[in-house]
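Geometric and topological summary
Chain by chain, the residues run as shown.
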Amino acid sequence: MFEMDGAMSLYLVWGAAMLFAGVLGGIMAGLLGVGGGIVIVPVLYHFLTTMGVDESLRMQVAVATSLTTIIATAISSTRSHYKKGSVDIALLKHWGPAIIVGVILGTAIGGLADGRVLTIVFAVVALIVAGNMILVKDRETNETKNPPKSVWAILGVIAGSLSAMMGIGGGTICVPVLNFLGYDIRRAVGTSAAIGLIIALPGTIGYAMSGIGVDGRPPFSIGYVNVLAAALLIPMTVLCAPIGARIAHTIPRRALRMCFGLFLAITSARMFYDLLS
């Protein structure tokens, strides 16, 4: 009876954590165009640790489940940004194929790699991006650079593969890249929200297939995707993504960059702490 009560309490805490992560992830998705994965992955990782899931599987489950929630979040966030005219459709058509290639590559690596490798990738990339967003001043000009198609292709493959390995919607990589190329931060955020769907859909399918039959996964999982966690996360992220999108269009651009950078720095520090502890 005690063991049953303990298990019930653990699942109640798990459920509350998923709802909280869904609210915060949804707001961040709309605010920063990141799909919410930058919030959801660390929360999932922490509670999978608490539940005793093997260390070699925690990150795969967290990444796969995060990508599943991003499908719904990206649709909600993109709709909000599109209404405000900040989604660049031409850029999506131009950059999308290379990103999809990267997602396929990243999902294949993520499904086979040790979870600790994915944790290191997540922490290092998040720290680099945080430094860029905090230290590099926002561009005051709307003049955009137009690199060769080969450069766009390389950037797309890198963004897609890293995003699939990290369980994020693409904004963590794509927002800084687009802003560096001269895109307004709000336009970069809105377009990256749409890129999240391009990343999340094939990524989810890939992780669901590669995790079939793997021992040690938590209950209610399809491959590496935990259906129970996704069912709790998705409604909250969808409801809260439009709130974040509205905030993104009311605060100064520099404040938006600082918010993005500080949050990533904190997330990266937490992941490094888990690796070293």
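Further up the page is the structure itself.
Here we summarise the structure given alongside this text. Please read these numbers as outputs of a predicted model, since none were measured by experiment.

On to the overall build of the protein chain, then. The helix and strand tally for the protein chain stands at ten helices and two strands. Starting at the N terminus and ending at the C terminus, the protein chain contains elements arranged as α-α-α-α-α-α-α-α-β-β-α-α. At 18 Å, the protein chain has a C-alpha radius of gyration in line with the 19 Å of a compact globule built from 277 residues. Overall, the C-alpha framework of the protein chain stretches about 65 × 35 × 35 Å when taken along its three principal axes. For the protein chain, the proportion of its 277 residues judged to be buried stands at 54%. Restricting to contacts in the protein chain with at least 6 residues of sequence separation, those with at least 24 account for 84%.

Among the nonpolar cores identified, the biggest contains 73 residues, and Met18, Leu44, Met59, Trp95 and Phe122 are the most heavily contacted of them. Among residues more than four places away in sequence, those in contact with Trp95 are Trp152, Leu155, Gly156, Cys174, Val177, Leu178 and Ile195.

Turning next to the packing of aromatic side chains. The final tally for this structure, using the stated rule, is one aromatic pair. Residues Trp95 and Trp152 carry aromatic rings whose centres are separated by 5.2 Å and whose planes lie at 75° to one another, so their mutual orientation is edge-to-face. Note that Trp95 is positioned in helix α4 (residues 89-112) and Trp152 in helix α6 (residues 149-166), a separation of 57 residues in sequence. Here Trp95 matches Trp152 in class, with each residue buried.

Thresholds, definitions, all that
Residues numbered from 1 in each chain as written. Predicted model: local features only at pLDDT ≥ 70, side-chain atom pairs only at ≥ 80, totals over all residues. Heavy atoms only, no water. Helix = DSSP H or I, 4+ residues; strand = E, 2+ residues; numbered from the N terminus. Rg over C-alpha atoms; globule rule 2.2 N^0.38 Å. Buried < 20%, exposed > 50% of the residue type's maximum accessible area, 1.4 Å probe, protein only. Contact = heavy atoms within 4.5 Å. Core = buried A, V, L, I, M, F, W, Y, C linked by side-chain atoms within 4.5 Å. Phe/Tyr/Trp six-rings, centres within 6.5 Å; stacked < 30°, edge-to-face > 60°.

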